[in-house]
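Here are the chains, one letter per residue:
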Amino acid sequence: METRKLGNSDLKITPVGYGAWAIGGSGWEFAWGPQDDNDSVAAIHRALELGVNWIDTAAVYGTGHSEEIVARALKEWRGARPYVFTKCVLRWNDKGKIWKEFSPEPIRRECEDSLRRLQVETIDLYQMH
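In this report, we go over the structure that sits alongside the text. (Residues numbered from 1 in each chain as written. Predicted model: local features only at pLDDT ≥ 70, side-chain atom pairs only at ≥ 80, totals over all residues. Heavy atoms only, no water.)

**A few points about the packing of aromatic side chains**
Part 1 of the reasoning: Under the definition given, this model contains six aromatic pairs.
Part 2 of the reasoning: Seen from their ring centres, Trp21 and Trp32 are 5.5 Å apart, and the 65 degrees between their planes marks the pair as edge-to-face. One end of the pair, Trp21, is in the loop between strand S3 (18-19) and helix H1 (37-49); the other, Trp32, is in the loop between S3 and H1, with 11 residues separating them in the sequence.
Part 3 of the reasoning: By relative accessible area, Trp21 is classed as partly exposed at 35%.
Part 4 of the reasoning: With a centroid separation of 5.8 Å and an interplanar angle of 15 degrees, the aromatic rings of Trp21 and Tyr61 are classed as stacked. In this pair, Trp21 sits in the loop between S3 and H1 while Tyr61 sits in the loop between strand S4 (54-56) and helix H2 (65-76), placing the two residues 40 residues apart along the sequence.
Part 5 of the reasoning: Put simply, the rings of Trp21, Trp28, Phe30, Trp32 and Tyr61 pair up and form one aromatic cluster. (Phe/Tyr/Trp six-rings, centres within 6.5 Å; stacked < 30°, edge-to-face > 60°. Helix = DSSP H or I, 4+ residues; strand = E, 2+ residues; numbered from the N terminus. Buried < 20%, exposed > 50% of the residue type's maximum accessible area, 1.4 Å probe, protein only.)

**Regarding the sheet that holds S4**
Part 1 of the reasoning: An order of S3-S4-S5-S8 is seen for the four strands of this open sheet, with the pairing classed as parallel. Unpaired on one side and paired on the other, S3 and strand S8 (125-128) mark the two borders of the sheet.
Part 2 of the reasoning: Here S3 runs beside S4; their pairing, made up of two bridges, is parallel. Residue pairing across strands places Gly19 opposite Asp56, the latter belonging to S4.
Part 3 of the reasoning: Contacting strand S5 (83-88) and S8, helix H3 (residues 104-118) crosses the sheet at an angle of about 145 degrees to S5. (Pairing = 2+ DSSP bridges. Contact = heavy atoms within 4.5 Å. Axes fitted to C-alpha atoms, helices over the stretch in contact; angles between N-to-C directions.)

Below is the structure:
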């Protein structure tokens, strides 16, 4: 699959990536409904087999669940590691209610939590929702 330079970065990404919002599952404010985690991992693997080289997720998707499923898919994947993109500033409470928080300390905590959930040492593109 062809790649394109992402903005002024050194990243060369495929025109289509894997969006991981839905795999967060149900139980939070913007959920798409229940998802089967095994199907989600298989879908990520299929996208990578077809040449996709980036996965876009967010801490808020499934209140962390999407990042955990992306980590599982990456751990089981035997090919080249795709770029991993995630997002911050949308926080949540134990009832799944979402709000925005743009201050530095919560963003640092969110980044550390995302690194832990994704089981990666670096996030290739860190975005604000």
